[in-house]
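Examining the three-dimensional arrangement
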Amino acid sequence: MKKDFLKLLDFSGDELYAILDVADKLKFALKRGIKNKPLKGKSLGMIFEKSSTRTRVSFEVGMYQLGGQALFLSPRDLQIGRAEPLEDTARVLSRFLNGIMIRTFKQSDVEKLAEYASIPIINGLTDFAHPCQVMADLQTIREFKGELKGRKLCYIGDGNNMANSLIVGGLKTGMSVSIGCPDAYRPDKAIMEFAEQYGDKFCVTSDIFKAAKDADAIYTDVWASMGMESEAAKRMEDFKGYCVDQALCDVAAKDVMVLHCLPAHRGEEITADVFEAHAKEIFEEAENRLHAQKAIMLMCMGK
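Summarised in this report is the structure supplied together with it. (Residues numbered from 1 in each chain as written. Predicted model: local features only at pLDDT ≥ 70, side-chain atom pairs only at ≥ 80, totals over all residues. Heavy atoms only, no water.)

**Here's the deal with helix 4 (residues 107–116)**
Heads up, the condition is: Accessibility here uses a 1.4 Å probe with only protein chains present; expressed as a share of the type maximum, an area under 20% marks a residue as buried, one over 50% as exposed, and anything in between as partly exposed. By the criteria applied, helices consist of DSSP H or I runs no shorter than four residues and strands consist of E runs no shorter than two, each listed in order from the N terminus. Regarding the arc, it is the one traced by the directions from the helix axis to the C-beta atoms. Should any heavy atoms of two residues lie within 4.5 Å, those residues are considered in contact.
When we look at burial in helix 4, the residues that qualify are Gln 107, Val 110, Leu 113 and Ala 114. Projection of helix 4 onto a plane perpendicular to its axis shows the buried side chains occupying an angular sector of 125°, all on one side. Where the residues of helix 4 are buried, they touch helix 3 (86–93), strand 3 (99–103) and strand 4 (121–125).

**Details of the pattern of salt bridges**
The criterion, for reference: Here, a salt bridge means any Lys or Arg side-chain nitrogen found within 4 Å of an Asp or Glu carboxyl oxygen.
By the definition in use, this model includes 21 salt bridges. The shortest N-O distance in the salt bridge between Glu 287 and Lys 31 comes to 2.8 Å. Placement of the pair is Glu 287 in helix 12 (residues 279–301) and Lys 31 in helix 1 (residues 13–31), with a sequence separation of 256 residues. Take Glu 287: its relative accessible area is 26%, and that puts it in the partly exposed class. With a closest N to O distance of 3.3 Å, Glu 237 and Lys 240 form a salt bridge. When salt bridges that share partners are traced, they join Lys 7, Asp 10 and Glu 111 into one network.

**Structural notes on helix 2 (residues 54–65)**
Put simply, the rule is: One fewer than the residue count of a helix, multiplied by 1.5 Å, yields its expected span.
Spanning twelve residues, helix 2 covers 16 Å between terminal C-alpha atoms, matching the ideal 16 Å at 1.5 Å per step. Turning to helix 2, its buried residues are Thr 55, Ser 58, Phe 59, Gly 62, Met 63 and Gln 65. Take helix 2 and look down its axis: the buried residues cluster within an arc of 160°, on one side only. The positive-phi residue at the C-terminal boundary of helix 2 is Gly 67, with phi of around 100°.

**Some thoughts on the sheet that holds strand 4**
Cut-off, in case you're wondering: We call two strands paired when DSSP finds no fewer than two bridges between them. Between N-to-C directions, angles span 0 to 180 degrees; the directions come from axes that are lines fitted to C-alpha atoms, helices contributing only their stretch in contact.
Spatially, 2-1-3-4 is the arrangement adopted by the four strands of the open sheet, whose pairing is parallel. Across the chains shown, the open sheet's two edge strands, defined by having one partner strand only, are strand 2 (69–73) and strand 4. Strand-to-strand twist across the sheet, computed as the mean angle between neighbouring axes with direction ignored, equals 20°.

**Side note on unusual backbone geometry**
Here Leu 262 and Pro 263 are connected by a cis peptide whose omega angle stands at 0°. Considering the arrangement of structural elements, one finds Pro 263 in the loop between strand 9 (257–260) and helix 11 (272–277). Residues other than glycine seldom take positive phi values, yet Asp 214 does so here, at roughly 65°. Residue position: Asp 214 is located in the loop between helix 8 (208–212) and strand 8 (217–220). By the element assignment, Leu 262 lies in the loop between strand 9 and helix 11.

**Thoughts on the environment of Glu 147**
Its place among the elements puts Glu 147 in the loop between helix 5 (131–145) and strand 5 (152–156). Assessed through its relative accessible area of 44%, Glu 147 is described here as partly exposed.

**With respect to the environment of Arg 91**
Just so we agree on the cut-off: Any pair of N or O atoms that falls within 3.5 Å is considered a polar contact. Within protein, one atom must be able to donate a hydrogen and the other to accept it, and sequence-neighbouring residues count only if both atoms are side-chain atoms.
Its location among the elements puts Arg 91 in helix 3. Residues Arg 91 and Ala 252 lie 161 residues apart in sequence; the distance between their C-alpha atoms is 49 Å. One polar contact links the side chain of Arg 91 to the main-chain carbonyl oxygen of Glu 87, over a distance of 3.1 Å.

**Some words on the packing of helix 6 (residues 161–172) against helix 7 (residues 189–196)**
Heads up, the rule is: Should an angle fall under 35 degrees it is taken as roughly parallel, and over 145 as roughly antiparallel, whereas 65 to 115 is taken as roughly perpendicular and any remaining angle as oblique. A clockwise turn of the near helix away from the far one marks a right-handed crossing, whereas an anticlockwise turn of less than a right angle marks a left-handed crossing. Each residue is assigned to one class: nonpolar for Ala, Val, Leu, Ile, Met, Phe, Trp, Tyr, Cys and Pro, charged for Asp, Glu, Lys and Arg, and polar for all the others, Gly among them.
Contact geometry for helix 6 and helix 7: axes closest at 10 Å, N-to-C directions at 15°. Classed by the angle they form, the pair helix 6 and helix 7 counts as roughly parallel. The handedness of the crossing between helix 6 and helix 7 comes out as left-handed. Contacts from Asn 164, Ile 167, Val 168, Leu 171 and Lys 172 in helix 6 reach Ile 191, Phe 194 and Ala 195 in helix 7. Grouping the constituent residues of the contact of helix 6 with helix 7 by class yields six nonpolar, one polar and one charged.

Pasting the structure below:
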């Protein structure tokens, strides 16, 4: 049966933990120079309609370390840039490749690609979800805190794809999740409906100090994501006061960790002093993109 990785809503908590366990083992092996090539001879196509630093490098290097090869495919390289239907692209690439990672805008495009492809599809990012990033985030929190269950994760900022995926991943792995965002920028309706079943383990508020109270981890992201450049000026006004600074960290747990999916805009969503004080966690989180995505590729393309 074909295994896709499209959104965290598709997985149980046990399945997410299984991926995290494999990611930890792969990280352990790499640090000790243990070489294993379970994807030897396999090829991953990487479709980028949105540019990236961490996604491209981590998938390309990860595929190499697993013994396979990765092909970078921009719209200029593919006929989708000239309006070839996704369903045709899916069926053609399925005859050449062993898997596809796509980083694009619409979640519906990822779902359509998966519907017509006979090979696994991995969501590298859409406007709805960023599941690969959140697996790395969960891996990092578990590394620093020892466990996820019973911990509190707080997200400050736009209720965007990061918020959507953090809510699902956090709740499914036993965390409580609080979101501090303006009322006009709440997470997706479908995600809010999903979270309702978790009762008081989930809350959304415009009061960031209420959201951050006793949090074990505070997470933030840029106020204007890629593709929202025309909204940047308005968002700068709307998100005033939604900055992760030391005053906010002071209401969290004493050993609070701070995370950011990067790139960070110091002085906007996070102050420079808080960023540097928590750089160890933030850049470990960035590194874990490699290990978490290797685990995802193994789940999708391995035995």
